[in-house]
Amino acid sequence: MAVAISSDGQTLASGSADNTIKIWNLENGQLKNTLTGHKESVMSVAISPNNETLVSGSSDDTIKIWNLITGKLTNTLTEHFYPVSTLAISSNSETLVSGSWDDRIKIWNLKTGAIKNTLTGHRSAVNSVVITPDGQSVISGSSDRTIKIWRSH
C-alpha cells in the first residue's frame, strides 16, 4: 500500500495490507526485516533523510516511529481519529507531518512525538502531504479537490 526509499538509495520500506512493514536491501533485493505492531493496514511510510528513522501510518489510526537500523519501535502517536493516509519528514529529520481521513494535518516533533500544530481547513480526507525543502511550508492534497499551502510555524 505504500513505499519509501532511503536517501542513500540502500533501503526500501514497504507498508502492506497484512499490517506489516518490510525493510528491503535495494542492492540485492533481500528482505532485511519485518516490522509488526500495527493492528490494521499500513497505508503510508516515510524514511527520515538521515536514514535513522522510519515512520508508518495505518488504518488503525496510529503513527508508529521505528529505529530503521534496529527495527525497534520507539513511539506510537495516537492523535488522529481516522486512518493515517500520508506522512512526510522534514529535510533536517526533526519534523513529521501526517495527514488523515479525519481531514486534519498534524505537525509533530519527530524525536519527542509532541504535537507542534494541527492544521484544519480541508473538508475531506487528506491524501498527500509534503514539506518544502526549507521546512517553512506544508503542502497538502485532499479528497475535497483542493491543494492547500500552509506556513508550518
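What counts and what doesn't
- Residues numbered from 1 in each chain as written.
- Predicted model: local features only at pLDDT ≥ 70, side-chain atom pairs only at ≥ 80, totals over all residues.
- Heavy atoms only, no water.
- Core = buried A, V, L, I, M, F, W, Y, C linked by side-chain atoms within 4.5 Å.
- Buried < 20%, exposed > 50% of the residue type's maximum accessible area, 1.4 Å probe, protein only.
- Helix = DSSP H or I, 4+ residues; strand = E, 2+ residues; numbered from the N terminus.
- Contact = heavy atoms within 4.5 Å.
- 1 Å grid on protein atoms, 1.4 Å probe; cavity = no way out; pocket = protein on both sides within 12 Å on 5 of 7 lines; lining within 4 Å.
- Points joined across faces, edges and corners; volume = space filled by probe spheres on them.
- Pairing = 2+ DSSP bridges.
- Axes fitted to C-alpha atoms, helices over the stretch in contact; angles between N-to-C directions.

Quick look at the nonpolar core
Working step 1: Grouped together as the largest cluster of nonpolar side chains are 12 residues: A2, A4, A13, I21, I23, L35, V42, V45, I47, L54, W66 and L68.
Working step 2: Of all the elements in the fold, those that place two or more residues in this core are β1 (2-5), β3 (21-25) and β5 (42-47).
Working step 3: It is β5 that contributes the most residues to this core, 3 residues altogether.
Working step 4: If sequence neighbours within four positions are ignored, A13 has contacts with A2, V3, A4, I21, K22, I23, V45, I47 and L54.
Working step 5: Counting residues in each nonpolar core, the second largest holds 11 residues, with I65, L77, L96 and L110 among its members.

Focus: the layout of surface pockets
A water-sized probe rolled over the atoms picks out the places where empty space is left.
Working step 1: Size it by volume and the largest pocket reaches roughly 290 Å³.
Working step 2: In this structure, the largest pocket is lined by 13 residues; those nearest its centre are E52, T53, S93, L110 and K111.
Working step 3: Looking at the lining of the largest pocket, the elements with two or more residues in it are β7 (63-67) and β8 (73-77).
Working step 4: At 3 residues, the largest contribution of residues to the lining of the largest pocket is made by β7.

Considering the sheet that holds strand β9 (residues 84-89)
Working step 1: Strand order in the open sheet made by the 4 strands is β9-β10-β11-β12, with antiparallel pairing throughout. Among the strands making up the open sheet, the edge pair consists of β9 and β12 (115-119). Neighbour-to-neighbour, the strand axes of this sheet turn through a mean angle of 20 degrees, independent of strand direction.
Working step 2: Note that β9 and strand β10 (residues 95-100) share 5 bridges and pair antiparallel. What sits directly across from I89, in β10, is L96.

Side note on unusual backbone geometry
Working step 1: At N19, a position not held by glycine, the phi torsion is positive, near 75 degrees.
Working step 2: For N19, the location among the structural elements is in the loop between β2 (11-15) and β3.
Working step 3: The exposure class assigned to N19 is partly exposed, which follows from its relative accessible area of 22%.
Working step 4: The phi angle at R145 is positive, at roughly 70 degrees, despite the residue not being glycine.
Working step 5: Inspection of the secondary structure puts R145 in the loop between β14 (137-142) and β15 (147-151).
Working step 6: With relative accessibility at 81%, the residue R145 sits in the exposed group.

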